[in-house]
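# Fold and contact review
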Amino acid sequence: MTEKLISIEAIAKRYPAPGGGQTAVFENLWLGINRGEFVCMIGHSGCGKTTVLNILAGLDAPSEGVVIVDNQAIDGPALDRAVIFQSHALLPWRSVLGNVAYAVGARHKDWSKARIKEHAEKFIDLVGLKGSEYKKPSELSGGMKQRVGIARALSLEPKMLLMDEPFSALDALTRGTLQDEVRGICLNTGQTVFMITHDVDEAIYLADKIVLMTNGPEAQIAEIVENPLPKDRERNQIHKHADYYAIRNHLIDFLVSRSRTFKDEMKGKPWDPMNVPLVRPVSETPSAPEPMRKRA
Amino acid sequence: MTIQKANAMTLSFRAAVVSILILVLFLGSWHLATSGTGTVQQMDPEYAKLMGLTATQGKSAMPGPLQVGATLWKHITNPFYDNGPNDKGLGIQLAYSIGRVVLGYLLAVIVAIPLGFLIGMSQLMSRALDPFIQVLKPISPLAWMPLALYTIKDSNYSAIFVIFICSVWPMLINTAFGVASVRKEWLNVARTLEVGAFKRAFTVILPAAAPTILTGMRISIGIAWLVIVAAEMLVGGTGIGYFVWNEWNNLSITNVINAILVIGIVGMILDQLLARAAKLVTYPE
Ligand SMILES: Nc1ncnc2c1ncn2[C@@H]1O[C@H](COP(=O)(O)OP(=O)(O)OP(=O)(O)O)[C@@H](O)[C@H]1O
Ligand SMILES: [Mg+2]
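A few points on the structure.

Cut-offs and rules
- Residues numbered from 1 in each chain as written.
- Chains lettered and ligands numbered in written order.
- Predicted model: local features only at pLDDT ≥ 70, side-chain atom pairs only at ≥ 80, totals over all residues.
- Heavy atoms only, no water.
- Helix = DSSP H or I, 4+ residues; strand = E, 2+ residues; numbered from the N terminus.
- Rg over C-alpha atoms; globule rule 2.2 N^0.38 Å.
- Buried < 20%, exposed > 50% of the residue type's maximum accessible area, 1.4 Å probe, protein only.
- Areas by Shrake-Rupley, 256 points an atom, 1.4 Å probe, with all protein chains shown as cover.
- Lys, Arg positive; Asp, Glu negative; His and termini not counted.
- Charge placed at Lys NZ, Arg CZ, Asp CG, Glu CD.
- Contact = heavy atoms within 4.5 Å.
- Pairing = 2+ DSSP bridges.
- Axes fitted to C-alpha atoms, helices over the stretch in contact; angles between N-to-C directions.
- Patch = residues over 30% accessible without salt bridge, like charges linked within 9 Å, V, L, I, M, F, W, Y side chains within 5 Å.
- Salt bridge = Lys/Arg side-chain N within 4 Å of Asp/Glu carboxyl O.
- Near = heavy atom within 4 Å.
- Polar contact = N/O pair within 3.5 Å; in protein donor to acceptor, adjacent residues only side chain to side chain.
- Expected span 1.5 Å × (residues − 1).
- Bend = angle between axes of the 7 residues up to and from the residue.
- Buried area = accessible area lost by both parts, 1.4 Å probe.
- Nonpolar A, V, L, I, M, F, W, Y, C, P; charged D, E, K, R; others polar.
- Phe/Tyr/Trp six-rings, centres within 6.5 Å; stacked < 30°, edge-to-face > 60°.
- Lys NZ or Arg CZ within 6 Å of the ring centre and 35° of its normal.
- Left-handed = near helix turned anticlockwise from the far one by under 90°.

## Here we look at the overall build of chain A
From N to C terminus, chain A includes seven helices and 11 strands. Computed over its C-alpha atoms, the radius of gyration of chain A comes to 20 Å, within 12% of the 19 Å expected for a compact globule of 296 residues. C-alpha atoms of chain A, sized along the principal axes, occupy 60 × 50 × 40 Å. Residues counted as buried form 51% of the 296 residues belonging to chain A. A total of about 14000 Å² of accessible surface is found on chain A, and carbon and sulfur atoms cover 51% of it. Between the mean site of the 37 positive side-chain charges and the mean site of the 37 negative ones, chain A shows a separation of 3 Å.

## With respect to the overall build of chain B
Within chain B, the secondary structure is distributed over 12 helices and zero strands. For chain B, the share of sequence-separated contacts (at least 6 apart) that also reach a separation of at least 24 residues comes to 70%. With an accessible surface of roughly 16700 Å², chain B has 71% of that area assigned to carbon and sulfur atoms.

## Considering the sheet that holds strand β5 (residues 72–73) of chain A
Residues and elements named next belong to chain A. Read from one edge of the open sheet, four strands run β2-β1-β4-β5, paired in antiparallel fashion. Strands at the two margins of the open sheet, each flanked by one partner only, are β2 (22–34) and β5. Where strand β1 (residues 4–16) lies against β2, nine bridges are found, and the strand directions are antiparallel. Looking at β2, one finds that S7 is bridged to G32. Contacts from helix α1 (residues 49–57) reach β1, β2 and β4 (64–69) within the one sheet, and its direction differs from that of β1 by about 120°.

## Things to note about a nonpolar patch on the surface
A cluster of nonpolar side chains, contributed by L107(B), I110(B), V111(B), L115(B) and L118(B), occupies part of the molecular surface with about 410 Å² of accessible area. Summarising the element assignment, L118(B) is placed in helix α5 (residues 90–121).

## So, the site of ligand 1
All names here are of chain A. Contacts to ligand 1 come from Y15, V25, H44, S45, G46, C47, G48, K49, T50, T51, E165 and H198. Residue T50 places a side-chain N or O atom 2.5 Å away from an oxygen atom belonging to ligand 1. For ligand 1, whose unbound accessible area comes to 640 Å², protein coverage reaches 57%. Broken down by element, the shell around ligand 1 gets its largest block of residues, three residues, from α1.

## Quick word on the sheet that holds strand β10 (residues 221–226) of chain A
All names here are of chain A. If you trace the seven strands from one edge of the open sheet to the other, you get β6-β7-β8-β3-β9-β10-β11, paired in mixed fashion. At either margin of the open sheet sits one strand with a lone partner, and together these are β6 (81–84) and β11 (278–279). Sheet topology places β10 next to β11; two bridges connect them, and they run parallel. Across the sheet, the residue bridging to V225 is V279, located in β11. Against the sheet, helix α7 (residues 244–266) contacts β3 (38–42), β9 (209–213), β10 and β11, and its axis sits at roughly 175° relative to β10.

## Structural notes on α7(A)
Residues and elements named next belong to chain A. Helix length check: α7 (23 residues) gives 27 Å between terminal C-alpha atoms against 33 Å at 1.5 Å per residue, more than 12% under. R258 marks where α7 bends most, by close to 65°. Inspection of α7 places Y244, I247, H250, L251, F254, L255, R258, S259, F262 and M266 among the buried residues, and these make up the whole buried set. Positive phi appears at G268, one or two residues downstream of α7, with a value of about 85°.

## Things to note about helix α5 (residues 172–189) of chain A
Residues and elements named next belong to chain A. Given a rise of 1.5 Å per residue, 18 residues ought to cover 26 Å, and the 26 Å separating the end C-alpha atoms of α5 matches this to within 8%. Burial in α5 covers these residues: T174, G176, L178, Q179, V182, R183, I185 and C186. Where α5 is buried, its residues meet β3, α3 (113–126), α4 (142–155), β7 (160–164), β8 (192–196) and α6 (200–206). G190 sits one or two positions beyond α5 and adopts a positive phi of about 65°.

## So, the interface of chain A and chain B
Accessible area lost when the parts come together is the quantity often used to give the size of an interface. Opposite the 21 residues of chain A that make contact, chain B presents 17 residues. In total, about 1800 Å² of surface goes out of reach between chain A and chain B, with carbon and sulfur atoms giving 67% of it. Considering only the surface of chain A that becomes buried against chain B, L59(A), W93(A) and Y102(A) emerge as the three largest contributors, covering 34% of it. Here chain A and chain B share zero salt bridges between them. Summed over the shared surface of chain A and chain B, the result is five residue pairs in polar contact (both at pLDDT 80 or more). Element by element, the count of residues in the side of chain A that touches chain B is highest for helix α2 (residues 96–107) of chain A, at three residues. In terms of residue class, the side of chain A that touches chain B is made up of 15 nonpolar, three polar and three charged.

## Section: the environment of I6(A)
Residues and elements named next belong to chain A. With respect to the secondary-structure elements, I6 resides in strand β1. Between the C-alpha atoms of I6 and R35, which are 29 residues apart in sequence, the distance is 8.0 Å. The contacts of I6, once residues within four sequence positions are left out, are L31, G32, I33, L56, V67, I68, V69 and M160.

## Quick word on the packing of aromatic side chains
A full pass over the atoms with the stated rule returns nine aromatic pairs over all chains. Between Y244(A) and Y245(A) the ring centres are 5.0 Å apart and the planes differ by 80°, which places this aromatic pair in the edge-to-face class. Since its relative accessible area comes to 7%, Y244(A) is described here as buried. What makes Y245(A) partly exposed here is its relative accessible area of 29%. An aromatic cluster of at least three residues, connected via ring pairs, comprises W93(A), W186(B) and Y283(B). A cation over an aromatic ring shows up here: R115(A) above the ring of W111(A), its NZ or CZ 4.0 Å from the ring centre. Its end group placed over the ring of Y150(B), K153(B) keeps NZ or CZ at 5.4 Å from the ring centre.

## Considerations on the environment of E118(A)
All names here are of chain A. Mapped onto the elements, E118 comes out in helix α3. In this structure E118 comes out as exposed when scored by relative accessible area, which is 57%. Measuring from C-alpha to C-alpha, the distance between E118 and Q191 comes to 22 Å, with 73 residues separating the pair along the chain.

## What about the packing of α5(B) against helix α10 (residues 197–235) of chain B?
Residue and element names in this part refer to chain B. Two elements in contact, α5 and α10, have axes whose closest approach is 9 Å; the angle formed by their N-to-C orientations is 145°. For α5 against α10, the interelement crossing comes out right-handed. In this structure, α5 contributes L94, Y96, S97, I98, R100, V101, Y105, V109, I113, F117 and M121 to the contact, and α10 contributes A201, I205, L206, I213, M217, R218, S220, I221, A224, W225, I228 and E232. Here the contact of α5 with α10 is composed, by residue class, of 18 nonpolar, two polar and three charged.

On their own, these measurements won't tell you what the molecule is for.
Here is the structure:
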């Protein structure tokens, strides 16, 4: 048994409805994340992914339920859960180095200035921004800004990395490079990651497990998909893997139709939100080439 | 790049030429308008003596630019003389005015910025203080003068109080607005880094709100400088406002014009100082 680092237990989030009463974004949600695992969450816009991530980060409190990290219920944000924000959220009046050093200084209050700088520079180097240390965020491209955000989060050397669509604002090429870098770093350091994405291919490339969320309101975790691809996959080779289309089709199928119809699908059947099905989509005819898909 | 630069150079150069032309045109027509030699009026020589050149030779009562320039030169070369309460150099009077403005303004900064922080951070305080601000803000600062004179019993401190009360509002409102509209994601960054409330105020909220706060401070210094002239006309004694009023009573229009010019220049300098400061704290997004 692998050790559970994070346990989301029976959380609910409700907002007052416009006409009185309350609408639940989700109810009774359970999810566990093991140490060193890369978990992606996929679901349609508005289903509550950011809400889950903010609760994990401690930026938002659930209406009910708890999040347990390392056997302790959380009661707010903490340095051991670093967040990479979708909009990078760099402080524009600080330089690249200033932004990263701000985080390092917050983590290691007893460190000298020189030590903080050295540590920050190490992570700026790691994301390939050597030479831009003294630039202001406004002088950076979108991809570079996101890199600074990643360096800032990694420099905390957190137990857990939380990412909310970190690459969605980037062009395909930059996104690919950054995915490679983040994957490399996380694999090397055994980082535990929870990441939200809209991009099925991104999820397949990066994730060990993919959490599928149904449409809101009252969204549910429909199932957890285990990635059948080997851990040492390569971006431009994965589509040749026998199980690639199995998992890809499974995910797309979910997004296209099952995310909407899941509640009907489950009607009458027993449903245990504490133990959602773990699915491992594999090719039915191993190592057979993908059949041509018929046009509708 | 170089072409654009050259264009920019010629633009500012051309603008400077036009500015100088306008100035020359203005001074020229001023000169012509005031040096007019109208028909010499026929009148009793005794009466003519009383009236002076103004009436007898059609010379305007309004001093010309040369006259004003000459007195201005006198003021510039000897700004700090002191021949008793009614005859002090322009520099001394300006120093009094600037001193009052700076004191009242600094008091306002000390009050407005912390209070603005409080209002900006707390919905409760924002709502609770809003009615007071709404009522107090539109009151002309000079309306406070009698009350100030009655309670403080010192014309100098009353003038400082009036400066304080007129400069406090723009700073307070801008600080509150700037603090309240700090981007939530920046606050979230501070929260995920477990930065304490005090440090967060200084390392995130203050730099984020600084451009808005400085805008308020710039508006305030402008208003303070407008108000000090009026306040000093009321309380008298010293200051550039008093100087204007005193010279009017002496019927020295030349000095009044000199004072107007100097008031404008000092106001511009004060404004530019704050503009510089605002530039220092502005960040591009
Ligand atoms: N302050 C709020 N008041 C009321 N409803 C809210 C509030 N914040 C979020 N919601 C609702 O909660 C739901 C989930 O929002 P959330 O931001 O978590 O969605 P998401 O899955 O991250 O969507 P996206 O993919 O577009 O980012 C939405 O339907 C939204 O309308
Ligand atoms: Mg979202």
